[in-house]
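Coordinate inspection notes
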Amino acid sequence: MCGIVGYIGHREAFPIVIKGLQRLEYRGYDSAGIALYDGNQINLSKTKGKVEDLKNKAKEISQAGSIGIGHTRWATHGVPNDVNSHPHYSNSGNLVIIHNGIIENYEAIKQELTKRGYTFQSDTDTEVLINLIEEVKKTEDVKLGKAVQIALNQVVGAYAIAVFDKEKPDEIVVAKLGSPLAIGIGEGEFFIASDASPFIEFTNNAVYLEDEEMAIIRLGKEIKLRKIKDDAVAYPRILELQMNLEEIEKGGYDHFMLKEIYEQPRAIKDTYRGRLLADQGLIRMAGIDLNMEKFLNANRIIIVACGTSWHAGLVAEYIFEDLARIPVEVEYASEFRYRNPVITDKDVLIAISQSGETADTLAAIKLAKEKGAFVFGVCNVVGSSIARETDAGAYTHAGPEIGVASTKAFTTQITVLTLMALKLAKAKGSFSETKYREYLSELETIPNKVEKSLESNALIEIIADVYKESTNCLYLGRGYNFPVALEGALKLKEISYIHAEGYPAAEMKHGPIALIDEQMPVFVIATKKGHYEKVVSNIQEIKSRKGKIIAIVTEGDEQVKDLADHVIEVPETLESLTPLLTTIPLQLLSYHIAVMRGCNVDQPRNLAKSVTVE
Ligand code: M6R
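The rules we used
Residues numbered from 1 in each chain as written. Predicted model: local features only at pLDDT ≥ 70, side-chain atom pairs only at ≥ 80, totals over all residues. Heavy atoms only, no water. Buried < 20%, exposed > 50% of the residue type's maximum accessible area, 1.4 Å probe, protein only. Helix = DSSP H or I, 4+ residues; strand = E, 2+ residues; numbered from the N terminus. Contact = heavy atoms within 4.5 Å. Pairing = 2+ DSSP bridges. Domains from an automatic or database assignment. Phe/Tyr/Trp six-rings, centres within 6.5 Å; stacked < 30°, edge-to-face > 60°. Lys NZ or Arg CZ within 6 Å of the ring centre and 35° of its normal. Near = heavy atom within 4 Å. Polar contact = N/O pair within 3.5 Å; in protein donor to acceptor, adjacent residues only side chain to side chain. Areas by Shrake-Rupley, 256 points an atom, 1.4 Å probe, with all protein chains shown as cover. Axes fitted to C-alpha atoms, helices over the stretch in contact; angles between N-to-C directions.

Observations concerning helix α7 (residues 264-272)
The buried fraction of α7 is high, at seven of nine residues. When we look at burial in α7, the residues that qualify are Q264, P265, A267, I268, D270, T271 and Y272. Along its buried surface, α7 packs onto α6 (256-262), β16 (276-277), α14 (408-428), α15 (433-454) and α20 (579-596).

Okay, here's the thing in structure tokens:
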């Protein structure tokens, strides 16, 4: 969950590494560090805090040199402080490392190294790894690349590492298992990063290391890839990246989150572009077409995901069962992987992940594959680990999502999953052609309706001001909008640090209603299509206990207006498509409340964008 950056070439490394770290800060931001080689010595600076703090601290060292590695951290071992920040030196001071991941057996290795006279400054597993590499290099009398390989065969865990050796200053050795690592290939220069954003303005050519691969990146040479386990040669596949600089910048918005909320009409369109051919009554999705029999013959679909992606999975459960009449189970990937689930080759597993790097989701995929299930991925990041590990898949095409709070990932995941459900429903003949056509046309109207929903922003800001000091909030929804309630609560929690819970509205009576008093804001999704009368009854129950009601309603609704303290309107649409609209005001509410509370919206405390540790 950390970000790593490296550069070796003909330019000054410092600005490239610092800018790269800033772009990767979404991956972790409790401390940061940089090591530069100036042709003579390694100059290292690291600090608790953000990359901006590092920039200041690094004024104390020479910033010269065209080789550099840097790190932005999300602490796993050891509190965030200067000493535990990366890079870490080996005892001799010759080797320096940056690491994203966890070395699980570091304690045992540390004990062994201590017996051999090694000392450790930090509490980190990474400092143990660099000293293990040094020990191997010394005792086996091998070069850096070999020493890294031998050492990695002794460790258990996950890593993306970059290692530099002062005695071999024309190369950086990198390796990957479980954490992402991309190498950008420029003219006489190489870039190393956790994703391609740090080098996108320099090159569009990148190699993504596969698990258990390592590379020696040497100036003036081609990249050499090897398998860590058996030293077999691996051949780099150079991808041409589609990403552009504009997509990863704020574009005039105060925060990435706000930009990404406003990008949703475009992102949803991009998701169905080329797939949804409403006038022809067609949905084109190669990943489904090529595997139609697997889906149609499946006993059930199991959806695995985490966080917001799990909420999109819950919406998909309703859509798949409702439209395609295929039984669906939705599981937290972290629970699924450890509970010895019954999986057979008649199951289809759909893994949903924005980043495509979430460790638990990845592990759930591997487990399902071992048991013979067909695994389909719904990812945003092209070329990500999950995209590569799955048998087939569909990208969401949302564009880079940088704010830690997922927004456009959620709506585009629902869009892809809706297309899939409709396609399967059509193949199964589970609903009429007229209804099918109605869905296709309605889906095409969603970007405009999202645009319309965004027009409530000014009103939402006023409402946010009223509730910004709340300490607890409830979110209620039924049917398709129950997962939206969960998602609304998650958004508020993670960026404004206000305690919030989402519930199916009918569950209120079974406990949570005891919490209602005049201090409690209750956000209720009460659209016309979707158990409207039942939700209205739930609103009455809250009102009679003096709770504050903020309702998301269908345009023109009068009934709820009379009951609620505030209403926010969204356009009317088919019931199964309402989550694409009702989630918008909840995203904006969380955003404004967080800004008003002075929270760091894009980088909330304790979090990281991609959770590559379990
Ligand atoms: O990249 P993924 O979609 O696999 O990430 C899953 C969760 O970590 C993610 O959705 C997280 O819950 C977000 N911070 C929610 O806004």
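Comments concerning the pairing of strand β7 (residues 157-165)
The element β7 is extensively covered by neighbouring structure, given that eight of its nine residues are classed as buried. Looking at chain direction, β7 and strand β8 (residues 171-177) are connected through five bridges and run antiparallel. Directly across from I161, in β8, lies its bridge partner A175. Linking β7 back to β8 in an antiparallel pair, the connection comprises five residues.

Section: the domain arrangement of the protein chain
Domain boundaries assigned for the protein chain yield domain 1 (3-100 + 158-247), domain 2 (254-454) and domain 3 (455-602). Taking only C-alpha atoms into account, the centre of domain 1 sits 43 Å from that of domain 3.

A look at the side chain of S406
Looking at the secondary structure, you find S406 in the loop between β22 (392-395) and α14. What makes S406 buried here is its relative accessible area of 10%. In this structure S406 touches T308, Q354, E401, E487, K491, E494 and K609, once residues within four positions along its chain are discounted.

Concerning the packing of aromatic side chains
Tallied over the entire structure, the rule returns 13 aromatic pairs. A network of ring pairs unites the aromatic residues Y7, F191, F199 and F202 as a single cluster. Over the ring of Y497 we find R605, and its NZ or CZ is 3.9 Å from the ring centre.

Some points on the environment of V304
Position of V304 among the secondary structure elements: in strand β18 (residues 300-305). Spatially, the C-alpha atom of V304 lies 36 Å from that of I216, the residues being 88 residues apart in sequence.

Focus: the site of the ligand
In the vicinity of the ligand there are 15 residues, among which S309, S353, S355, T358 and E494 approach most closely. At 3.0 Å from an oxygen atom of the ligand is found a main-chain nitrogen or oxygen belonging to T308. Here an oxygen atom of the ligand and a side-chain polar atom of S353 are 2.6 Å apart. For the ligand, whose free accessible area comes to 410 Å², the fraction covered by protein is 92%. Looking at the shell around the ligand, the elements with two or more residues in it are α10 (307-324) and α17 (482-496).

Describing the sheet that holds strand β11 (residues 205-208)
Ordered in space as β3-β2-β4-β1-β10-β9-β11-β15, the eight strands form an open sheet in which the pairing is antiparallel. Lying at the two open borders of the sheet, with one neighbouring strand each, are β3 (42-48) and β15 (238-240). When strand polarity is set aside, the average angle formed by the axes of neighbouring strands in this sheet is 20°. Direction of pairing for strand β2 (residues 31-37) relative to strand β4 (residues 67-73): antiparallel, over a ladder of seven bridges. Across the sheet, the residue bridging to I34 is G70, located in β4. Contacts between helix α1 (residues 13-24) and the sheet are confined to β1 (3-8), β2, β4 and β10 (190-193), with β1 contributing the most and set at about 160° to the helix.

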